[in-house]
Amino acid sequence: MKEKSHEYWMIRAIAEARKAEAKTEVPIGCVIVREGRIIASGHNLRETTQDPTAHAELIAIRKAARKLGSWRLLNCTLYVTLEPCTMCMGAIILSRIPTVVFGCYDPKGGAAGSLYDLSNDPRLNHSVALLPRVLEAECSGLLSSFFADLRQRKRTERLNSAP
């Protein structure tokens, strides 16, 4: 059986991001792959749950740990549409995920090379191999159009509520 490409799995993460977008959540999606199959997936649910930790990566990590019956997610690859933040990189490191593949960098909050790089900090007990910019244009475009639509909706609401 032919091994699936990083692009294949990122397309699956993008499908998760679209689920978030359909709920008016920031469209970020994540899948965790082990031995050639998805063992967990997640998408942002912060607004839906009013939970600041309901990031796509944390939701997927929790599901993967339950599925494997272990907090150590060895031999897994995490695919996410946006560079993980410090909270999510912390969880990735603590769960011992060896590889993270992401779509686009997050210059405002990224912790895998943009703002911070926790992936190879020698003070930590685990390092993470990174593969950035997989389907970057698609991932970035999804976020850009979401925020453009959000700004337009807010403008329209302000105009409609003006006396």
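Above: the structure in question.
Given the structure is predicted, the values throughout are model-derived calculations rather than measurements.

**Student:** Just give me the short version of helix 3 (residues 56-68), but keep the residues and values in it.
**Tutor:** Compared with an ideal rise of 1.5 Å per residue, which puts 13 residues at 18 Å, helix 3 spans 18 Å between its outermost C-alpha atoms and is within 8% of the ideal. The complete set of buried residues in helix 3 reads A56, E57, L58, I59, A60, I61 and A64. Its buried side turned inward, helix 3 meets strand 1 (29-34), strand 2 (37-43), strand 3 (76-82) and helix 4 (86-94). Directly beyond the C-terminal end of helix 3, a positive phi value near 65 degrees is found at G69.

**Student:** How would you sum up the packing of helix 3 against helix 4? Please name residues and give values.
**Tutor:** One way to put it is that helix 3 packs onto helix 4 with a least axis distance of 9 Å and a crossing angle of 20 degrees. When the interaxial angle is binned, helix 3 and helix 4 end up roughly parallel. Pair helix 3 / helix 4 crosses with left-handed handedness. Together, E57, L58 and I61 of helix 3 and M87, C88, A91 and I92 of helix 4 make up the contact between the two elements. Class assignment of the residues belonging to the contact of helix 3 with helix 4 gives a composition of 6 nonpolar, no polar and 1 charged.

**Student:** Can you break down the environment of H6 residue by residue, with the values?
**Tutor:** Tracing the backbone through its elements, the reader meets H6 in helix 1 (residues 6-22). We classify H6 as partly exposed; its relative accessible area is 33%. Along the primary structure H6 and K19 are separated by 13 residues, whereas in three dimensions their C-alpha atoms are 20 Å apart. The residues contacting H6, other than those within four sequence positions of it, are Y79, V101, L131 and V134.

**Student:** Provide a residue-level description of unusual backbone geometry, including the pertinent values.
**Tutor:** For E35, which is not glycine, the phi torsion reads 50 degrees and is therefore positive. Overall, E35 belongs to the exposed group, its relative accessible area being 66%. At Q50, a residue that is not glycine, the phi angle is positive and equals roughly 55 degrees. By the secondary structure assignment, Q50 is in the loop between helix 2 (46-49) and helix 3. Assessed through its relative accessible area of 60%, Q50 is described here as exposed.

Procedures and definitions
Residues numbered from 1 in each chain as written. Predicted model: local features only at pLDDT ≥ 70, side-chain atom pairs only at ≥ 80, totals over all residues. Heavy atoms only, no water. Helix = DSSP H or I, 4+ residues; strand = E, 2+ residues; numbered from the N terminus. Expected span 1.5 Å × (residues − 1). Buried < 20%, exposed > 50% of the residue type's maximum accessible area, 1.4 Å probe, protein only. Contact = heavy atoms within 4.5 Å. Axes fitted to C-alpha atoms, helices over the stretch in contact; angles between N-to-C directions. Parallel < 35°, antiparallel > 145°, perpendicular 65-115°, else oblique. Left-handed = near helix turned anticlockwise from the far one by under 90°. Nonpolar A, V, L, I, M, F, W, Y, C, P; charged D, E, K, R; others polar.

Scope: geometric values only; no functional claims are made or implied.
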